[in-house]
Amino acid sequence: MKLPRRQFLHLAAGAAALPAVSRIAWAQAYPSRPVRLIVPFAPAGASDITARLIGQWLSEQLGQQFVIDNRPGGGGNIGTEAVVRAPADGYTLLLVGGFNAVNATFYDKLNYNFIRDIAPVAGILRVPYVMAVNPTVPA
């Protein structure tokens, strides 16, 4: 198989530039600065305690400070919107819960689309839900 001259020159230039490019494209260590973990509820609740325990563990494991930022109000919508409006650089995280799914159905005009604007990172805990009704209710 014979390569055309132009294609050969492109391959040669790419091979010559490859060592220089690989030195430039070093990955940055994460996290290189403090990370905010936004909890969309008031302090001292179950969500806040969970976030503080996880933040402390992440700080110890990754060697960087994780700041817990409580943003209560609007059934969790204020804190969620703060994360949606933050730069998408991985330094603002959100403690998500079942309330986010409920809010998506309750409110017609949210300033964000939860599925589109939030990317999942990790599952933290699971809570089983039970529906208890009177036996006469046909649920």
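In the block above lies the structure referred to throughout.
This is a predicted model, so every value here is computed, not measured. In every chain, residue numbers begin from 1 and rise along the written sequence. Confidence filtering applies because this is a predicted model: local features only for residues at pLDDT of at least 70, side-chain atom pairs given and counted only at 80 or more, and all residues used for totals across whole chains, interfaces and linings. Just so you know, side-chain values use all the structure's heavy atoms and leave hydrogens and water out.

## Observations regarding the packing of aromatic side chains
Now for step 1: Aromatic rings from Phe, Tyr and Trp, taking only the six-membered ring of Trp, are treated as a pair when their centres fall within 6.5 Å; an angle between ring planes under 30 degrees marks them as stacked, one over 60 as edge-to-face, and anything in between as tilted. Taken as a whole, this structure holds three aromatic pairs when the rule is applied.
Now for step 2: Between the aromatic rings of Phe41 and Phe99, the centroid separation amounts to 4.8 Å while the plane-to-plane angle is 80 degrees, which identifies the pairing as edge-to-face. In this pair, Phe41 sits in the loop between strand E1 (35–39) and helix H2 (46–62) while Phe99 sits in helix H4 (residues 98–106), placing the two residues 58 residues apart along the sequence.
Now for step 3: When a residue's accessible area, from a 1.4 Å probe over protein chains only, is under 20% of the maximum for its type it is buried; when over 50% it is exposed; and in between it is partly exposed. On the basis of relative accessibility, which here comes to 17%, the residue Phe99 falls in the buried class.
Now for step 4: Relative to Tyr107, the ring of Phe106 has its centre 6.5 Å away and its plane inclined at 90 degrees; by these criteria the two rings are edge-to-face. The helix and strand labels rest on DSSP assignments: H or I over at least four residues marks a helix, E over at least two residues marks a strand, and numbering proceeds from the N terminus.

## Topic: a nonpolar patch on the surface
Now for step 1: A cluster of nonpolar side chains, contributed by Ile124, Leu125, Val127 and Tyr129, occupies part of the molecular surface with about 480 Å² of accessible area.
Now for step 2: With respect to the secondary-structure elements, Tyr129 resides in the segment after helix H5 (114–117).
Now for step 3: A relative accessible area of 74% means that Tyr129 is categorised as exposed. Residues enter a patch when their relative accessible area is above 30% and they make no salt bridge; the linking distance is 9 Å between like charges and 5 Å between nonpolar side chains (Val, Leu, Ile, Met, Phe, Trp, Tyr). For the accessible areas, the method is Shrake-Rupley and the probe is 1.4 Å, while residue cover comes only from the protein chains on display. When a carboxyl oxygen of Asp or Glu is within 4 Å of a side-chain nitrogen of Lys or Arg, the pair counts as a salt bridge.

## Overview of helix H3 (residues 77–85)
Now for step 1: Residues Asn77, Gly79, Thr80, Glu81, Ala82 and Val83 constitute the buried set of H3.
Now for step 2: Any pair of residues with heavy atoms lying within 4.5 Å of one another is described as a contacting pair. Looking at the packing, one finds that the buried side of H3 touches E1, strand E3 (92–94), H4 and H5.

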